[in-house]
Amino acid sequence: MNETPNALEETPRDYKIMALLLQSHGVEDCDPSVINQLLEFSHRYTVDVLQDAMVYAEHAKKTDIDMEDVRLAIQGRVNYSFTSPPEKEFLLELAEERNRHPLPLIPEKYGVRLPPEKHTLTGVNFHIVPEQRNGQRLQPANSTGQGMTPTPSTAIG
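Our subject in this report is the structure included herewith. This is a predicted model, so every value here is computed, not measured.

## Some remarks on the overall build of the protein
Counting its secondary structure elements, the protein contains four helices and three strands. Tracing the protein from N to C terminus, the helices and strands come up as α-α-α-α-β-β-β. Taken across its 157 residues, the protein has 8% of its residues classed as buried. Restricting to contacts in the protein with at least 6 residues of sequence separation, those with at least 24 account for 18%. With an accessible surface of roughly 14800 Å², the protein has 58% of that area assigned to carbon and sulfur atoms.

## Notes on the pattern of salt bridges
Taken as a whole and assessed by the stated rule, the structure comprises seven salt bridges. Residue aspartate 48 is joined to arginine 77 by a salt bridge in which the shortest nitrogen-to-oxygen separation is 4.0 Å. One end of the pair, aspartate 48, is in helix H2 (residues 32-59); the other, arginine 77, is in helix H3 (residues 67-81), with 29 residues separating them in the sequence. Note on arginine 77: relative accessible area 10%, which makes it buried. When the shortest N-O distance is used, the salt bridge between glutamate 96 and arginine 100 registers 3.9 Å. On the accessibility criterion, glutamate 96 (52% relative accessible area) is exposed. Each of Asp48, Asp52 and Arg77 takes part in one network of salt bridges that share partners.

## Points about a negative patch on the surface
Together, Glu87, Glu89, Glu93 and Glu97 make up a region of like negative charge exposed at the surface. Along the chain, the position of glutamate 97 falls in helix H4 (residues 88-99). Note on glutamate 97: relative accessible area 48%, which makes it partly exposed.

## What about the packing of helix H1 (residues 13-24) against H2?
Interaxial distance between H1 and H2 falls to 10 Å at its minimum, and their mutual angle equals 105 degrees. By the angle class used here, H1 and H2 are roughly perpendicular. Along its contact with H1, which presents Asp14, Tyr15, Met18, Ala19 and Leu22, the element H2 presents Pro32, Ile35, Asn36, Leu38, Leu39 and Ser42. Looking at side-chain class alone, the contact of H1 with H2 contains eight nonpolar, two polar and one charged residues.

## Quick notes on unusual backbone geometry
In this model, lysine 61 sits at a positive phi of 60 degrees, which is unusual for a non-glycine residue. Of note, lysine 61 is situated in the loop between H2 and H3. On the basis of relative accessibility, which here comes to 73%, the residue lysine 61 falls in the exposed class.

Rules used throughout
- Residues numbered from 1 in each chain as written.
- Predicted model: local features only at pLDDT ≥ 70, side-chain atom pairs only at ≥ 80, totals over all residues.
- Heavy atoms only, no water.
- Helix = DSSP H or I, 4+ residues; strand = E, 2+ residues; numbered from the N terminus.
- Buried < 20%, exposed > 50% of the residue type's maximum accessible area, 1.4 Å probe, protein only.
- Contact = heavy atoms within 4.5 Å.
- Areas by Shrake-Rupley, 256 points an atom, 1.4 Å probe, with all protein chains shown as cover.
- Salt bridge = Lys/Arg side-chain N within 4 Å of Asp/Glu carboxyl O.
- Patch = residues over 30% accessible without salt bridge, like charges linked within 9 Å, V, L, I, M, F, W, Y side chains within 5 Å.
- Lys, Arg positive; Asp, Glu negative; His and termini not counted.
- Charge placed at Lys NZ, Arg CZ, Asp CG, Glu CD.
- Axes fitted to C-alpha atoms, helices over the stretch in contact; angles between N-to-C directions.
- Parallel < 35°, antiparallel > 145°, perpendicular 65-115°, else oblique.
- Nonpolar A, V, L, I, M, F, W, Y, C, P; charged D, E, K, R; others polar.

Below you can see the structure in the form of structure tokens.
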């Protein structure tokens with residue numbers, strides 16, 4: 001077994017505990033970043049709850065945080081951090097009202113609507129005939145097309 005940075009003996013204790021918690025809930029395999037995100041979330045949540053508990057203890061003029069302060073901080077955080085999903089009946093009413101109106105008919109010309117060709121990156125943005133200067137058109141100097149020399153332009157039309 002080669003020495004890798006993620007070797008079992010080098011894995012932090014919190015990482016191992018989070019992996020065990022996931023396994024106990026039936027998660028057999030997951031990306032390591034998932035465990036890192038869960039650790040970050042749990043750390044941030046714990047710090048926020050303890051800071052709120054310190055504020056409550058300070059307001060009550062106590063020197064130490066007790067269990068009631070922590071419970072109050074968790075209750076206060078649950079009220080605005082975690083929301084429960086809407087009731088099934090409410091979602092059914094909402095779906096019924098939305099589905100009451102039929103979808104618009106598909107127009108004869110359907111598909112992706114694109115802007116005119118001149119406004120797209122796929123439009124032609126160059127000229128094959130060189131620009132004219134002072135009534136002269138640039139012509140190739142020789143048959144290979146190397147070098148351009150001005151020649152009088154002929155009027156068409």
